[in-house]
Amino acid sequence: MCRRQKKLTINNELDLSDAVIVKSGRLKSVVWNDFDRVRKGETYIAICRHCKKRLSGSSASGTSHLRNHLIRCRRRSNGSNGVAQYFVRGKKKELANERRKDEDVLSVVNVRDEHEKEELDDVNVVSVGLDQRRCRFDLARMIILHGYPLSMVEDVGFRMFIGNLQPLFELVAFERVESDCMEIYAKEKHKIFEALDKLPGKISISVDVWSGSDDFDEFLCLAAHYIDEAWELKKRVLNFFMVDPSHTGEMLAEVIMTCLMEWDIDRKLFSMASSHSPPFGENVANKIRDRLSQNKFLYCYGQLFDVSCGVNVINQMAQDSLQTCCDTINMIRESIRYVKSSESIQDRFHQWIVETGAESERNLCIDDPTRWDSTCTMLEIALEQKSAFSLMNEHDPDSVLCPSDLEWERLGTIVEFLKVFVEVINAFTKSSCLPANMYFPEVCDVHLRLIEWTKNPDDFISSLAVNMRKKFDDFWEKNYLVLAIATILDPRFKMKLVEYYYPLFYGTSASELIEDISECIKALYDEHSVGSLLASSDQALGWQNHQHRSNGVAHGKEPDDRLMEFDRYINNTTTTPGQDSKSDLEKYLEEPLFPRNSDFDILNWWKVHTPKYPILSMMARNVLAVPMSNVSSSENAFETCQRRQVSETWRSLRPSTVQALMCAQDWIQSELEST
């Protein structure tokens, strides 16, 4: 025992029969929860309530020796939560005072005296003083949440930092933290599984392609989109797995189906959104749809199942626009570099700006070629100062060749295209989860502009617009039904927005197409109505089967699928006495439009109106969760390479570990955002 500890120890043979217990409000330290302070004459003594050992209780002695005793107290260690409470729950002011008076309690692990080291080892200070498992899992969750490399736990600097910060913490190796991350993934996965199992509605999924360490490594990210019981739109990553380059479309479809069945959501699907880029071609979506349609899992014979990403088609059109005038863009980019090459050239260029009246509030900038929105900004500013560029080309023989008047004019038209595309993508990515009703007005605006651009008298511009429209028409043909139904379920628009835009698109053919949409939404409503009726019937059948089993009667076969049409007939022709014969859908469409305002929340509207429209609200829950974009943020939306990449810190890990980290990161981040 060290000299200081000996001085603070009181002779156990001292007679304390006439000692007085001291109760003072000045005893603020939490250590007094485990000691009694008594006074024998002028001497103050602290008696351990666990082992009855006597130590100095004088105020001049401080309390560190009492803390150190509690660490080593054998009787206390059996039922104690450890000394952590004394430096975690104690007041900061008290701890600061104690640090000035005595050694910090944590310095006990650094004691040089060999005898004291043996004593500490005997009582296993580490296990008593710190919750090692909790600290390990906090470390693993931090690594997952922030995308840190797992190997950081073996870095010398990290180990020195942790050793000084908390000497009681047992440092872990790479394998240990990887195992902890896998355990966190398993626990979080169980939570997601239970949440999906309890959902009142259907689930839509999105499939996105990610790049690995090189061009040959590819990952598929499978995510679920749904509206929960509280009418909150959620997105959760389900799987993140490496794609085998040898997989055919049929094999890939089978892999995805296996994932869906493992999550037990193959019977709950409503739609699937994908980019249709390799390796995920259109045939993969078709095979999954055919598989689900065979089992009658999909609404409207799968017409609403296969949807594509709206951001992708806008990006393709934007990049096509830039590609048609890439030489002119390079010319402008080099001209800007020349202007910025020296202060004297910048001064002369500023004079030409003043002479031509081309003043601009923005300065010339060089774009980031990997982000086409920055190219749009560069061109937009350059166009404002094009007359100054022309003067520079005339008076400065060293300047880069300047675009011609025709090239400037065409570039101005293309920039107008790009500005529209930027606005649309910003609208699509203003939130990581957008209800499907948000897309129809934006898409229709692009549709109208493409029709207008194809009529441009310049063949260069009109041919570009025709090529862009072909890409857009492919997207529109695949998605127009879902887009229209989603906007009809918006009480601010209902059928009116469709009835407004379609004549502008199709002229005299519009009425027939509007009727097709009307029939589709009625059929979708009928299927939800039948589903609601069957759900009620299943409850009744379950009670009957319970009664039969109670009476020893064997359980019969499920009703045959051919009676589905009979159920629909009963639902459509049966009216409860005194009940309005109109359906939820008819009532909804007949009522006036809800006033439009900027803070309208469609999910809250349907939450409030669920009692009024029980069946239609069920349909709205399913339709509004359809993901029309795989891109969750504007940071990724404008990249010329649409594929996101697995971080360098994780891509070299085993595929199973990569999946666990990517999924767990999404789940933990989503939980933090929701709280």
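You'll find the structure just up there.
Residues numbered from 1 in each chain as written. Predicted model: local features only at pLDDT ≥ 70, side-chain atom pairs only at ≥ 80, totals over all residues. Heavy atoms only, no water.

**Student:** What am I meant to see in the overall build of the chain here?
**Tutor:** A count of helical and extended segments in the chain gives 28 helices and 10 strands. Within the chain, contacts between residues at least 6 apart in sequence are counted, and of these 70% link residues at least 24 apart. (Helix = DSSP H or I, 4+ residues; strand = E, 2+ residues; numbered from the N terminus. Contact = heavy atoms within 4.5 Å.)

**Student:** Which parts of the structure should I look at to understand the packing of helix H13 (residues 310-324) against helix H18 (residues 405-428)?
**Tutor:** Helix packing for two helices is described by the angle between their axes and how far apart those axes are. The contact between H13 and H18 brings their axes to 10 Å, and the two run at 160 degrees. When the axis of H13 is compared with that of H18, the two are roughly antiparallel. The two elements H13 and H18 cross, and the hand of that crossing is left-handed. For the pair formed by H13 and H18, the contact residues are Gly310, Val311, Ile314, Asn315, Met317, Ala318, Ser321, Leu322 and Thr324 on the first element and Ile414, Phe417, Leu418, Phe421, Val424, Ile425 and Phe428 on the second. Of the residues contributing to the contact of H13 with H18, the split by class is 12 nonpolar, four polar and no charged. (Axes fitted to C-alpha atoms, helices over the stretch in contact; angles between N-to-C directions. Parallel < 35°, antiparallel > 145°, perpendicular 65-115°, else oblique. Left-handed = near helix turned anticlockwise from the far one by under 90°. Nonpolar A, V, L, I, M, F, W, Y, C, P; charged D, E, K, R; others polar.)

**Student:** Would you explain the packing of aromatic side chains in this entry?
**Tutor:** Inspection of the entire model under this criterion finds 31 aromatic pairs. Between Tyr588 and Trp605, the aromatic rings sit 6.2 Å apart at their centres with planes inclined by 70 degrees, giving edge-to-face as the arrangement. One end of the pair, Tyr588, is in helix H24 (residues 584-590); the other, Trp605, is in helix H25 (residues 602-609), with 17 residues separating them in the sequence. Comparing Tyr588 with Trp605 shows no difference in burial state: the two are buried. (Phe/Tyr/Trp six-rings, centres within 6.5 Å; stacked < 30°, edge-to-face > 60°. Buried < 20%, exposed > 50% of the residue type's maximum accessible area, 1.4 Å probe, protein only.)

**Student:** Quick question: what am I supposed to make of the pairing of strand E8 (residues 269-274) here?
**Tutor:** In summary, the side chains of a regular strand alternate between the two faces of the sheet. Counting buried positions along E8 gives six out of six residues, so the element sits mostly inside the fold. Relative to E8, strand E5 (residues 203-211) runs parallel, the two sharing four bridges. Paired with Ile205 across the bridge in E8 is Met272. Relative to strand E9 (residues 306-308), E8 runs parallel, the two being bridged by three bridges. (Pairing = 2+ DSSP bridges.)

**Student:** It is not clear to me how the nonpolar core should be interpreted in this structure. Could you clarify?
**Tutor:** Among soluble globular proteins, nonpolar side chains are generally buried collectively. Ranked by size, the top nonpolar core spans 111 residues in total, and within it Phe389, Phe421, Phe440 and Trp606 carry the most contacts. When residues in this core are grouped by element, the largest group, 14 residues, is from helix H20 (residues 459-488). If we ignore the near neighbours within four places in the chain, the residues touching Phe389 are Ser335, Ile336, Val339, Phe349, Leu364, Ala382, Cys402 and Trp408. Judged by nonpolar contacts, the second largest core, of 65 residues, contains Leu130, Phe169, Met257 and Met662. (Core = buried A, V, L, I, M, F, W, Y, C linked by side-chain atoms within 4.5 Å.)

**Student:** Looking at this model, I keep getting lost on the sheet that holds strand E3 (residues 43-48). Mind explaining?
**Tutor:** The strands making up a sheet associate through hydrogen bonds between their backbones, and the pairing can be parallel or antiparallel. One open sheet accounts for four strands, arranged E1-E2-E3-E4; its pairing is antiparallel. Taken across any chain shown, the strands that pair with only one partner, and hence form the sheet edges, are strand E1 (20-21) and strand E4 (54-56). Here six bridges tie strand E2 (residues 35-40) to E3, and the two strands are oriented antiparallel to one another. Residue Phe35 lies in a different strand from E3, and its bridge partner there is Cys48. Seen against the sheet, helix H2 (residues 64-72) touches E2, E3 and E4 and runs at an angle of roughly 150 degrees to E4.

**Student:** What exactly am I supposed to notice about a negative patch on the surface here?
**Tutor:** A cluster of acidic residues, Glu512, Glu515, Asp516 and Glu519, forms a negative patch at the surface. If you trace the backbone, Asp516 turns up in helix H22 (residues 510-550). Exposure remark for Asp516: the relative accessible area of 41% places this residue in the partly exposed category. (Patch = residues over 30% accessible without salt bridge, like charges linked within 9 Å, V, L, I, M, F, W, Y side chains within 5 Å. Areas by Shrake-Rupley, 256 points an atom, 1.4 Å probe, with all protein chains shown as cover. Salt bridge = Lys/Arg side-chain N within 4 Å of Asp/Glu carboxyl O. Lys, Arg positive; Asp, Glu negative; His and termini not counted. Charge placed at Lys NZ, Arg CZ, Asp CG, Glu CD.)

**Student:** What's the story with H20 in this structure? I'm lost.
**Tutor:** One turn of the α-helix equals 3.6 residues, which is why residues spaced by three or four share an orientation. Taking 1.5 Å per residue as the helical rise, H20 with its 30 residues ought to reach 44 Å, whereas the 38 Å between its terminal C-alpha atoms falls clearly short. Taking the largest bend as the criterion, H20 deviates by roughly 60 degrees, centred on Asn479. (Expected span 1.5 Å × (residues − 1). Bend = angle between axes of the 7 residues up to and from the residue.)

**Student:** Could you clarify how one ought to interpret unusual backbone geometry in this entry?
**Tutor:** The phi torsion of most residues other than glycine is negative, and most of the peptide bonds are trans. A positive phi angle is found at Cys300, which is not glycine, with a value near 50 degrees. Summarising the element assignment, Cys300 is placed in the loop between helix H12 (282-294) and E9. Positive phi, normally seen in glycine, also occurs at Tyr301, with a value near 55 degrees. Turning to its location among the elements, Tyr301 is positioned in the loop between H12 and E9. Note on Tyr301: relative accessible area 75%, which makes it exposed.

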